[in-house]
Amino acid sequence: MVDPSEHLRLPVPFHRDAFSDSFVSLLPSYKADASSSSSSRTFVAHDASFLSLLSSTPSVRCLAKDEFGKSFAHEAGVWVESLDEVWFTSNLFRDTSPKGDFADVRVDISAINVKTGQVRAIDVPSVRAGNGACPYGRYILFCDQGGSGAENPSQLTLVDPEDPRKGEILINNFYGRHFNSLNDVIVLPPPPHGHHARSAQSVDDNTVFRTTLPTGSTIWFTDPTYGHEQTFKPAPQLPSQVYALDPHTGRIRVVADGFDHPNGIAFSPDGSTCYVTDTSHIHGTGRLDPHLQSTIYAFDVVWLGDERSAGGPSLQNRRVFAFADTGVPDGIKCDVLGNVYAGCGDGIHVWNSYGTLIGRIVLGVSDGKTGAGCANFCFIPGGRLVCFSEDRVYLVEGLAVEGALL
């Protein structure tokens, strides 16, 4: 437990790396607690309410590790119940060729068995540079960042985990303009009270992406410019924006702009609030600039029109929800109580629905990599989190709350 006032006056001189050094390592009480068990130093409460989210025996253990430091575990994180696995994507790998074209980079897709920690590579030909992903019925919807040239657009691709060599493209353009490099995606269930805000002119066919989701469901995704900054994508044709797509009607709309690098996206359990992270603290080149955003923004989700009109969802009342003190808030999720979790520079940070930081899970304490950080993560049943920390995958167990698996 950290006294919220303890950080107000730190012993001088003090300094820390804003991207990777955990803030709690500066606190006198945390330093004095160095002889305690790793589990007690892993779960740090900034408010007593955080303790109610933990069982009596919460723990973190390293589930898988690359001995050579390869960044094999970076993004996505989708629980596949039928296989007892979590599917995820690697960081970008670049070959030694100096050409800089798409053939010189790759992103791997893998699956990890949460019981054994065994990792297996997945061959998904339809996804060339995967990033974020989300459940889509029994399928997985991947963000594919694409590559150089008009023949390699960034797109959303549906993959069947039972037969991953088959894929179906959901969308690969915005009215003929290439997306930048799609980053994260989530499905929002139909709005309450049967208000689907769609016209009668919906597309009616048997494609998987239209028949899998209930009518009124929408697909939301972010589109920053990381691909161009990492030199495997051409110059952007669109601003960095957030989009909402109705797969039943084919209608797509921009729902939010004004971001530098929109990244993670999540909804509150009731679907009334949308959270979007801006991770401009880290540029695609790897340059760090701590005076830029490491920020979570909140929006009200408002449904326009009615059943007779061509309405749809919109985001209104943009406001700062939280600023991450360490690293950037990359992946973001909610639990069923409405608390907001984000992968940050020293692990998982947790805010309540009012934007108050109530706790953090400091990864790496148990295996000598304190503040390992977390790019993304996912909830899995049983009060557990699977966390992707580049060269390691961590399993958090013993939460007293489940994830809001929208």
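The name given to the protein in an unreviewed UniProt entry is SMP-30/Gluconolactonase/LRE-like region domain-containing protein, and the organism recorded there is Kwoniella bestiolae CBS 10118.

Peer 1: Which parts of the structure should I look at to understand the overall build of the protein?
Peer 2: Helix and strand content of the protein: four helices and 27 strands. Partitioning the intrachain contacts of the protein with sequence separation of at least 6 by distance along the chain shows that 59% fall at a separation of at least 24. Here the protein displays about 16600 Å² of accessible surface, and carbon together with sulfur accounts for 52% of that area.

Peer 1: Sorry, what's going on with the side chain of Glu-85 here?
Peer 2: Within the fold, Glu-85 resides in strand β4 (residues 85-89). At 3.3 Å, the side chain of Glu-85 forms a polar contact with the side chain of Trp-87. Apart from the residues within four sequence positions on either side, Glu-85 is in contact with Val-78, Trp-79, Val-80, Ala-111, Ile-112, Asn-113 and Arg-120.

Peer 1: Quick question: what am I supposed to make of empty space enclosed by the protein here?
Peer 2: The tally for this structure, following the rule as stated, stands at one cavity of 30 Å³ or more. What the largest cavity holds in volume is close to 40 Å³. Lining the largest cavity, in full, are His-178, Phe-179, Asn-180, Lys-233, Pro-234, Ala-235, Pro-236 and Gln-237. Residues of the lining of the largest cavity, tallied by class, amount to four nonpolar, three polar and one charged.

Peer 1: It is not clear to me how the layout of surface pockets should be interpreted in this structure. Could you clarify?
Peer 2: One water molecule sets the probe size; rolling that probe over the atoms shows where empty space is left. Each pocket or cavity is described by its volume, and for the largest pocket that value is around 650 Å³. Along its surface, the largest pocket is lined by 33 residues, and His-74, Asn-91, Ile-282, Asp-330 and Glu-390 are the ones closest to its centre. Mapped onto the lining of the largest pocket, the elements with two or more residues apiece are β9 (130-136) and β22 (340-344). Partitioned by chemical class, the residues of the lining of the largest pocket number 10 nonpolar, 20 polar and three charged.

Peer 1: How should I be thinking about the sheet that holds strand β27 (residues 392-399) in this particular structure?
Peer 2: Pairing between the strands of a sheet comes from backbone hydrogen bonds, and it takes one of two forms, parallel or antiparallel. Taken in spatial order, the four strands of this open sheet run β2-β27-β26-β25, and their pairing is antiparallel. The sheet terminates laterally at β2 (54-65) and β25 (376-380), the two strands that pair on one side only. Across the sheet, the mean angle separating the axes of adjacent strands is 20° when strand polarity is ignored. Inspection of the sheet shows β25 paired to strand β26 (residues 384-388) by five bridges, in the antiparallel sense. Paired with Phe-377 across the strands is Cys-387, a residue of β26.

Rules behind the numbers
Residues numbered from 1 in each chain as written. Predicted model: local features only at pLDDT ≥ 70, side-chain atom pairs only at ≥ 80, totals over all residues. Heavy atoms only, no water. Helix = DSSP H or I, 4+ residues; strand = E, 2+ residues; numbered from the N terminus. Contact = heavy atoms within 4.5 Å. Areas by Shrake-Rupley, 256 points an atom, 1.4 Å probe, with all protein chains shown as cover. Polar contact = N/O pair within 3.5 Å; in protein donor to acceptor, adjacent residues only side chain to side chain. 1 Å grid on protein atoms, 1.4 Å probe; cavity = no way out; pocket = protein on both sides within 12 Å on 5 of 7 lines; lining within 4 Å. Points joined across faces, edges and corners; volume = space filled by probe spheres on them. Nonpolar A, V, L, I, M, F, W, Y, C, P; charged D, E, K, R; others polar. Pairing = 2+ DSSP bridges. Axes fitted to C-alpha atoms, helices over the stretch in contact; angles between N-to-C directions.

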